[in-house]
Amino acid sequence: MKVLRKVNKGLILTIIVLIILSIYLIGVEANRNKEKADIEKICKEYVELTNKYAVMPEENQKIYNNSQITAGEAEKKKEDLKKEINTQMNKFAEELKNKMIDNETAINMQKEIIGDFLENSNDIFSSAIVKYNREITKIRKFDFDSDQVTVAFDTKIDVETKYLGAELEETTKKENFNANLETITLKKVDNNWKVVYADLTYYGGNQQGMMGTVTYNMM
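Calculation rules
All residue numbers here refer to positions counted from 1 along the written sequence of the relevant chain. In keeping with the model being predicted, local features are shown solely for residues with a pLDDT of at least 70 and side-chain atom pairs are shown and tallied solely at 80 or more, while totals for entire chains, interfaces and linings include all residues. The side-chain figures draw on all heavy atoms in the structure; neither hydrogens nor water molecules are used. In this description a helix means any DSSP run of H or I spanning at least four residues, a strand means any run of E spanning at least two, and both kinds are numbered starting from the N terminus. Throughout, exposure labels follow a simple rule: accessible area from a 1.4 Å probe, protein chains only, divided by the maximum for the residue type, with under 20% read as buried, over 50% as exposed, and the rest as partly exposed. The contact criterion used throughout is that any non-hydrogen atoms of two residues lie within 4.5 Å. Computed with the Shrake-Rupley method and a 1.4 Å probe, the accessible areas treat only the protein chains shown as cover for residues. Note on scores: pLDDT gives the predictor's confidence for each residue, bounded by 0 and 100. Multiplying one less than the number of residues by 1.5 Å gives the expected span of a helix. Two N or O atoms form a polar contact when they lie within 3.5 Å of each other; inside protein one atom must be a possible hydrogen donor and the other a possible acceptor, and for residues adjacent in sequence the pair counts only when both atoms belong to side chains. A pair of aromatic rings is counted whenever rings of Phe, Tyr or Trp (Trp by its six-membered ring) have centres within 6.5 Å, and the orientation is called stacked for planes under 30 degrees apart, edge-to-face for over 60 and tilted otherwise. As a reminder, the over-ring test applies to NZ of lysine and CZ of arginine, requiring each to be within 6 Å of the ring centre and within 35 degrees of the ring normal. Here a strand pair is declared whenever DSSP counts at least two bridges between the two strands. Each axis is a line fitted through C-alpha atoms, taken for helices only over the stretch in contact, and angles between the N-to-C directions span 0 to 180 degrees. Note on convention: near helix rotated counterclockwise from far helix by under a right angle means a left-handed crossing. Clockwise means right-handed. Charged means Asp, Glu, Lys or Arg here, nonpolar means Ala, Val, Leu, Ile, Met, Phe, Trp, Tyr, Cys or Pro, and polar covers whatever is left, Gly included. For this analysis, a nonpolar core means a set of buried residues of the types Ala, Val, Leu, Ile, Met, Phe, Trp, Tyr and Cys, connected via side-chain atoms within 4.5 Å.

(A) Representation of the overall build of the protein within the structure. Check the secondary structure of the protein and you find 3 helices and 5 strands. Reading the secondary structure of the protein in the N-to-C direction produces α-α-α-β-β-β-β-β. Residue burial in the protein is summarised as follows: out of 219 residues, 37% are buried. For the protein, restricting intrachain contacts to residue pairs at least 6 apart in sequence, the fraction spanning at least 24 positions comes to 70%. With the model as given, the accessible surface of the protein reaches about 13,400 Å², and the carbon-plus-sulfur share is 51%.

(B) Here's a closer look at the confidence of the model for the protein. Scored by pLDDT, the protein comes out at a mean of 83, with 78% of its residues at no less than 70. Element-level pLDDT for the protein is lowest in strand β5 (residues 212-218), with a mean of 36, against a maximum mean of 97 in strand β4 (residues 192-199).

(C) Representation of helix α3 (residues 104-121) in the model. Taking 1.5 Å as the rise per residue, α3 with 18 residues should run 26 Å; its terminal C-alpha atoms sit 26 Å apart, in good agreement. The residue sitting at the N-terminus of α3 and contributing the capping side-chain oxygen is N103; that oxygen lies 3.0 Å from the backbone nitrogen of T105.

(D) Examining helix α2 (residues 71-99) more closely. Given a rise of 1.5 Å per residue, 29 residues ought to cover 42 Å, and the 42 Å separating the end C-alpha atoms of α2 matches this to within 8%. Looking only at α2, the buried set comprises A74, L81, I85, Q88, M89, F92, A93 and L96.

(E) A look at the packing of aromatic side chains. Applying the stated criterion across every chain yields a total of 6 aromatic pairs. The side chain of K77 reaches across the aromatic face of Y64, ending 4.1 Å from its centre. R134 extends its terminal NZ or CZ atom over the ring of Y202, reaching a point 4.7 Å from the ring centre.

(F) Representation of the pairing of strand β2 (residues 148-164). A large share of β2 lies buried, amounting to 13 of its 17 residues. Where strand β1 (residues 127-145) lies against β2, 16 bridges are found, and the strand directions are antiparallel. Its bridge partner being in β2, I129 is matched across the sheet by T161. Remark: 2 residues form the turn of the hairpin made by β1 and β2, two consecutive strands paired antiparallel; S146 in that turn has positive phi of roughly 60°. Two elements, β2 and strand β3 (residues 170-189), share 16 bridges in a ladder whose sense is antiparallel. What sits directly across from Q148, in β3, is K187.

(G) Quick peek at the packing of α2 against α3. Two numbers describe how α2 lies on α3: the axes approach to 10 Å, and their chain directions differ by 145°. Pair α2 / α3 crosses with right-handed handedness. Counting all contacts with α2, which are made through I85, Q88, M89, N90, F92, A93, L96 and K97, the residues of α3 involved are I107, Q110, K111, I114, G115, L118 and E119. Within the contact of α2 with α3, the residues separate by chemical class into 8 nonpolar, 4 polar and 3 charged.

(H) Representation of the nonpolar core within the structure. I39, Y46, Y132, V149, V151, I184 and L186 are the most contacted members of the largest nonpolar core, which totals 48 residues. Secondary-structure elements contributing two or more residues to this core are α1 (2-53), α2, α3, β1, β2, β3 and β4. Ignoring any residue separated from it by four or fewer positions in sequence, one finds I184 in contact with C43, Y46, V47, V149, T150, V151, F153, V195, Y197 and A198.

(I) Spotlight on the side chain of N122. By the element assignment, N122 lies in the loop between α3 and β1. A distance of 2.9 Å separates a polar atom in the side chain of N122 from the backbone oxygen of L118. Side-chain polar atoms of N122 contact the backbone nitrogen of I129, separated by 3.1 Å.

Written out as structure tokens, the structure reads:
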């Protein structure tokens, strides 16, 4: 009988632990579901911020005919563009501080991604990005892990690029791309969700695109 009582006590304790664990897990899942709307909002705001800085200001979108300026002038204009891109990226980094975790390496990584895109897609003698808009079209999943979450989503990207044609006329190329399963990872800091890393694909200009359509307009 003593052995039976011990078995019964052990079984009862196990059942109690399982019930408490189940209640805890249900509560965690319920809280996560409540937070999904805020997390999605933060992801969309982050994407909007990258849209803002993926395009140079209008005064830095001018394209020059390099046959009409000296080699020295051409080099100066290239250097001027690099300086403007650097200025743009410093402004971007300042705004990232409000969206991302307090980690200089994480912020610099995102800054370099956009900076590289600007350098590769803007050439003062051939092309300039004049519009870049990424829009989240569908949330695929929220992958929670303790105080972090990775959000996977699909996006639509609209890009408008200005080119200088062979006859020195300006031509505008409009491109549309679809990107699947892009991700943003966030971490909860002081009860607020902050971006840790964004894995976004950049198309358009001199970059190679996929799954897109292209239209041209003569200006």
